[in-house]
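# Analysis of the macromolecular model
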Amino acid sequence: MITFESVTKRFPDGTVAVDDLSLEAPMGRITVFVGPSGCGKTTTLRMINRMIEPSSGRILIDGDDIAALDAARLRRGIGYVIQNAGLFPHRTVLDNVTTVPRLLGEDRKAARSRAVDLMERVGLDSSLADRYPNQLSGGQQQRVGVARALAADPPIMLMDEPFSAVDPIVREQLQEEFLRLQDELDKTIVFVTHDIDEAVKLGDQVAVFAVGGTLAQLDTPRRLLDNPNDDFVADFVGRDRGFRALGFESSRVPIEAAPTVRLDERAPADAPWVVVLDADDRPLGWVEPHRLDGPVTSPVVHRGSTVGRADGPLRGLLDAALSSPAGLGLVADDEGRFLGTVRPEAVLAAIEGARLRREAAS
Ligand SMILES: Nc1ncnc2c1ncn2[C@@H]1O[C@H](COP(=O)(O)OP(=O)(O)OP(=O)(O)O)[C@@H](O)[C@H]1O
Ligand SMILES: [Mg+2]
């Protein structure tokens, strides 16, 4: 556990970046720091590995005051990932990942074979091992950054906006992979972002910072969205928080059968809307048979409907229903194979059902 006890950081020019901060980041969990620019997130993070020293207060790791530890030794147990990955530009991917283990005395062969293993874990093809960072996409660089931080197998990982320099789709992939990886590794992670969506998606607990370096609220994502402490937090978690909170709510919604068709086949003429499936049974979108005079071709498919998971959060199912031109949400299994459709009113009924169960339980 990482413990902040009344930690204040005042820079020599008088700027108070962190003001009397007390919080705990539990072992094996993801604690997210979120807040507007300049509210002290990075400063707080960098005090954990002593790249910045507090002006007052104490930081403890498993009860030991880190001020009393050797800084170099402390950092060996702490992986650090930053925005744009911060890779060594003149070293190959493989050499970037093996740098720390080599410094720690691991022999070259063992370090390299572990690096290849780690690259695979973070979703990097081993064919990239000999490239230089500027020969990689932003998302690939971030993956190398994560692999490098994991290379020494540190129990603690500090991550400062690691996914913010990539496009939304790559970002989502990185987030999913990060959660899968954490599921296996159980690191103690402190993760900084200014994106509230990322915070509630990744955090076991979320610390909302306010400008001036004060802690506005520390809570689970669910409680943060349901019960913001004050107007600042309410404003920060945003207008869509009711919708966002559905990301934590799962519940059975009745799935109904729907007519389907594959590309190059003729759609059944008796239905107003028909679901188009690819060769793997994944839904591509919808067609209106009465507007077609031949087999279904790719350009005639209404795309853009999102696909909810049958066992996934209600947020995804509601969005699927709302984004569908047919007024029926597409639902798939975990492999993405089409299962059927949900009606918006059925999703709303499930949301109300979940609320009543919560109310009854409290
Ligand atoms: N070395 C420094 N000297 C003086 N002030 C500093 C120094 N480093 C940071 N600050 C100030 O401390 C405050 C907090 O900075 P910090 O980098 O921790 O914010 P942040 O929450 O990480 O912001 P962002 O979201 O923009 O990364 C800011 O007002 C910043 O200008
Ligand atoms: Mg920062």
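In this text, all values refer to a predicted model and were calculated from it rather than measured experimentally.

### Some remarks on helix H5 (residues 138-150)
Look at H5: 19 Å from first C-alpha to last across 13 residues, which is about the 18 Å you get at 1.5 Å a residue. The buried fraction of H5 amounts to 11 of the 13 residues, a majority that puts the element mostly inside the structure. Its buried side turned inward, H5 meets strand E6 (78-82), helix H3 (93-103), helix H4 (108-121), strand E7 (156-160) and helix H6 (168-185).

### A short note on the sheet that holds strand E10 (residues 214-219)
Pairing is mixed in the open sheet, where six strands are placed in the order E6-E7-E8-E3-E9-E10. Only two strands of the sheet have a single partner each, and these edge strands are E6 and E10. Across this sheet, the average inter-strand angle for adjacent strands is 15 degrees, counted without regard to direction. For E7 and strand E8 (residues 188-193), the ladder comprises five bridges, and the chain directions are parallel. Bridge pairing links Leu158 to Val190 in E8. Most of the contacts of H5 go to E6, to which it runs at about 170 degrees, and overall it touches E6 and E7.

### Side note on the domain arrangement of the protein chain
Taken domain by domain, the protein chain holds domain 1 (2-238) and domain 2 (260-353). If you average the C-alpha positions of domain 1 and of domain 2, the two centres end up 38 Å apart.

### Digging into the nonpolar core
If you look at the biggest cluster of nonpolar residues, it comprises 47 residues, and the most contacted ones within it are Val146, Met159, Phe178, Phe191, Ile196 and Val208. When residues in this core are grouped by element, the largest group, five residues, is from H5. Of all hydrophobic cores here, the second largest spans 25 residues; its members include Ile2, Leu21, Ile66 and Ile78.

### A short note on the site of ligand 1
The immediate surroundings of ligand 1 are formed by Phe11, Asp13, Thr15, Ala17, Ser37, Gly38, Cys39, Gly40, Lys41, Thr42, Thr43 and Glu161. Note that an oxygen atom of ligand 1 is positioned 2.8 Å from one of the backbone N or O atoms of Gly38. Take Gly40: an N or O atom from its main chain is 3.0 Å from an oxygen atom of ligand 1. For ligand 1, the accessible surface in isolation is 640 Å², of which the surrounding protein chains cover 62%. Per-element accounting of the shell around ligand 1 gives the leading share, three residues, to helix H1 (residues 41-48). Of the residues that constitute the shell around ligand 1, the class distribution is three nonpolar, six polar and three charged.

### Side note on the sheet that holds strand E13 (residues 283-287)
On the basis of which strands lie adjacent, the open sheet formed by three strands has the order E11-E12-E13 and mixed pairing. Taken across any chain shown, the strands that pair with only one partner, and hence form the sheet edges, are strand E11 (260-262) and E13. Taking the axes of each pair of neighbouring strands and ignoring which way they run, one obtains an average angle of 35 degrees across the sheet. Note that E11 and strand E12 (residues 274-277) share three bridges and pair parallel. Considered in E12, the bridge of Thr260 is made with Val275.

### Considering the pairing of strand E4 (residues 56-61)
Sheet topology note: the strand E1 (residues 2-10)/E4 ladder contains five bridges and is antiparallel. Within E4, the position partnered with Thr3 by the bridge is Leu60. Alignment of E4 against strand E5 (residues 64-65), held across two bridges, turns out to be antiparallel. Bridging across to E5, Ile61 finds its partner in Asp64. The loop that links E4 with its antiparallel partner E5 comprises two residues; one of these, Asp62, has a positive phi angle of about 50 degrees.

### Thoughts on the environment of Ala129
Structurally, the position occupied by Ala129 is in the loop between H4 and H5. When the C-alpha positions of Ala129 and Asp64 are compared, they lie 38 Å apart, and in sequence the two are 65 residues distant. Filtering out sequence-adjacent residues up to four positions away, Ala129 remains in contact with Thr92, Val93, Leu94 and Met119.

### A short note on the packing of helix H11 (residues 314-322) against helix H12 (residues 344-361)
In the contact formed by H11 and H12, the axes pass within 9 Å of each other and the chain directions differ by 155 degrees. Here H11 is positioned roughly antiparallel relative to H12, judged by the angle of their axes. Crossing handedness for the pair H11 and H12: left-handed. Contacts between H11 and H12 involve Leu314, Leu317, Leu318 and Ala321 from the former and Pro344, Val347, Leu348, Ala350 and Ile351 from the latter. Residue composition of the contact of H11 with H12, grouped by class: nine nonpolar, no polar and no charged.

### Topic: the side chain of Thr193
You can see Thr193 is positioned in strand E8. On the basis of relative accessibility, which here comes to 3%, the residue Thr193 falls in the buried class. Here the side chain of Thr193 touches Asp195 through a polar contact of 2.9 Å, landing on its backbone nitrogen. A polar contact of 2.9 Å, which involves the side chain of Thr193, links it to the side chain of Glu198. With residues up to four places along the chain from it excluded, the contact list for Thr193 reads Val32, Phe33, Val34, Gly35, Lys41, Glu161, Glu198 and Ala199.

Criteria and cut-off values
Residues numbered from 1 in each chain as written. Chains lettered and ligands numbered in written order. Predicted model: local features only at pLDDT ≥ 70, side-chain atom pairs only at ≥ 80, totals over all residues. Heavy atoms only, no water. Helix = DSSP H or I, 4+ residues; strand = E, 2+ residues; numbered from the N terminus. Expected span 1.5 Å × (residues − 1). Buried < 20%, exposed > 50% of the residue type's maximum accessible area, 1.4 Å probe, protein only. Contact = heavy atoms within 4.5 Å. Pairing = 2+ DSSP bridges. Axes fitted to C-alpha atoms, helices over the stretch in contact; angles between N-to-C directions. Domains from an automatic or database assignment. Core = buried A, V, L, I, M, F, W, Y, C linked by side-chain atoms within 4.5 Å. Near = heavy atom within 4 Å. Polar contact = N/O pair within 3.5 Å; in protein donor to acceptor, adjacent residues only side chain to side chain. Areas by Shrake-Rupley, 256 points an atom, 1.4 Å probe, with all protein chains shown as cover. Nonpolar A, V, L, I, M, F, W, Y, C, P; charged D, E, K, R; others polar. Parallel < 35°, antiparallel > 145°, perpendicular 65-115°, else oblique. Left-handed = near helix turned anticlockwise from the far one by under 90°.

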